[in-house]
Amino acid sequence: MTSRFPTLTLLDHPLIQHKLSLMRDRTTRPVLFRQLLREIGILMGYELTRDLTLKTRPIETPMTTMDAPFLAGPVTLVSILRAGLGMTEGLRELMPDAKEGHIGLFRDPETHQPREYFVKLPADPGRVLLVDPMLATGGSAVHAVEVLLDRGIAARDIRFLCLIAAPEGVERFAAACPDVPILAAALDSHLDENAYIIPGLGDAGDRLYGTEHGKTATA
């Protein structure tokens, strides 16, 4: 936790930080960028799921019977398209039985406000892990949470996971969604005049899929 942002938890495991540094390097090619994002997703997933509830049911081991712990309810991975897909790969590997949903948003290049173009969510989602590598202005993340709330998902059942957060985005998200925890690998310095995260890593979606080089704004 940080004193300034009580809903933010920074996951500073050495492996997460090492892999994130490799991702920040502008010379890292898309194939390695995708691999690193998947690996970080797995590492962060352990912390993200630490407070999942368990229930017991009887099983038989080769030796005896016992009441064994299992997850008490479903888990749903919700990717904010498109960059969220890469991070969700690692979470899917960690939780292969999880349900999946998708929220498609893009940021208007003039207003910097999120615009929705696709939503598909499963019934009975249970705990929802909302995933987007970047939390810059916070607009897309806040909008995605509003989509979940409008569909009857309680704020207490939502967790937001990102790689890099900007203070401006964390502040906006915490003000709009005070009951939704944020888990991030890094809290960067600031947004520049074009709403780029500094130092950041560029546009996560473009770097995942090799569609553009250089820095690109992200929501």
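Residues numbered from 1 in each chain as written. Predicted model: local features only at pLDDT ≥ 70, side-chain atom pairs only at ≥ 80, totals over all residues. Heavy atoms only, no water.

If you check an unreviewed UniProt entry, the chain appears there as Uracil phosphoribosyltransferase from Tistlia consotensis USBA 355. The annotation that UniProt attaches to the chain under Catalytic activity (unreviewed entry) is "UMP + diphosphate = 5-phospho-alpha-D-ribose 1-diphosphate + uracil". (UniProt positions renumbered as here; feature names shortened; annotations may be inferred.)

Undergrad: I'd like to hear about the packing of aromatic side chains, residue by residue, with values.
TA: On inspection of all chains with the given rule, the structure shows two aromatic pairs. For the ring pair F106 and Y117, a centre distance of 6.4 Å and an interplane angle of 40 degrees mean the geometry is tilted. Placement of the pair is F106 in strand 5 (residues 99-107) and Y117 in strand 6 (residues 114-120), with a sequence separation of eleven residues. A cation over an aromatic ring shows up here: R57 above the ring of F70, its NZ or CZ 3.6 Å from the ring centre. (Phe/Tyr/Trp six-rings, centres within 6.5 Å; stacked < 30°, edge-to-face > 60°. Helix = DSSP H or I, 4+ residues; strand = E, 2+ residues; numbered from the N terminus. Lys NZ or Arg CZ within 6 Å of the ring centre and 35° of its normal.)

Undergrad: Summarise the pairing of strand 3 (residues 65-71); cite the residues concerned and give the values.
TA: Note that strand 2 (residues 54-60) and strand 3 share seven bridges and pair antiparallel. Its bridge partner lying in strand 3, E60 is registered against T65. Hairpin connection between strand 2 and strand 3: a loop of four residues separates the two successive antiparallel strands. (Pairing = 2+ DSSP bridges.)

Undergrad: Any chance you could break down helix 2 (residues 30-48) for me, citing the residues and the numbers?
TA: Count 3.6 residues to each turn of an α-helix, and residues three or four apart come out pointing the same way. Compared with an ideal rise of 1.5 Å per residue, which puts 19 residues at 27 Å, helix 2 spans 26 Å between its outermost C-alpha atoms and is within 8% of the ideal. Here helix 2 has its buried residues at F33, L36, L37, E39, I40, G41, I42, M44, G45 and L48. On its buried side, helix 2 packs onto helix 1 (14-24), helix 3 (84-94), strand 7 (127-131), strand 9 (158-165), strand 10 (182-187) and helix 6 (204-209). (Expected span 1.5 Å × (residues − 1). Buried < 20%, exposed > 50% of the residue type's maximum accessible area, 1.4 Å probe, protein only. Contact = heavy atoms within 4.5 Å.)

Undergrad: Give a detailed account of helix 5 (residues 167-176), specifying residues and quantitative values.
TA: Within the span of helix 5, buried status applies to P167, G169, V170 and F173. Projected down its long axis, helix 5 carries its buried residues within an arc of 160 degrees, all on one side. (Arc of directions from axis to C-beta.)

Undergrad: Can you explain the environment of G139? Please cite residues and give values.
TA: Relative to the elements of secondary structure, G139 occurs in helix 4 (residues 139-150). Overall, the relative accessible area of 3% leaves G139 in the buried class. When the C-alpha positions of G139 and G152 are compared, they lie 20 Å apart, and in sequence the two are 13 residues distant.

Undergrad: Quick rundown of the pattern of salt bridges? Include the residues and the values.
TA: Enumeration according to the criterion identifies seven salt bridges in this entry. A salt bridge links R24 to D188, with the nearest nitrogen and oxygen atoms 2.8 Å apart. You can see R24 sitting in helix 1 and its partner D188 sitting in the loop between strand 10 and strand 11 (190-191), a full 164 residues away along the chain. One salt bridge connects D51 with R159, and the closest N-O pair in it is separated by 2.8 Å. Of this pair, D51 sits in the loop between helix 2 and strand 2 while R159 sits in strand 9, and the two are 108 residues apart along the sequence. For R159, a relative accessible area of 10% gives the class buried. Via salt bridges that share partners, D51, R127 and R159 belong to a single interconnected network. (Salt bridge = Lys/Arg side-chain N within 4 Å of Asp/Glu carboxyl O.)

Undergrad: I'd like a rundown of the UniProt feature "binding site: 5-phospho-alpha-D-ribose 1-diphosphate" (unreviewed entry) in the chain, residues and numbers included.
TA: Annotation from UniProt places "binding site: 5-phospho-alpha-D-ribose 1-diphosphate" (unreviewed entry) at R82, R107, D132, P133, M134, L135, A136, T137, G138, G139, S140 and D203. Counting through the fold element by element, P133 comes out in the loop between strand 7 and strand 8 (134-135). A relative accessible area of 1% places P133 in the buried class. Filtering out sequence-adjacent residues up to four positions away, P133 remains in contact with L37, A83, G84, M87, C162, L163, I164 and A204. In this structure, M134 sits in strand 8.

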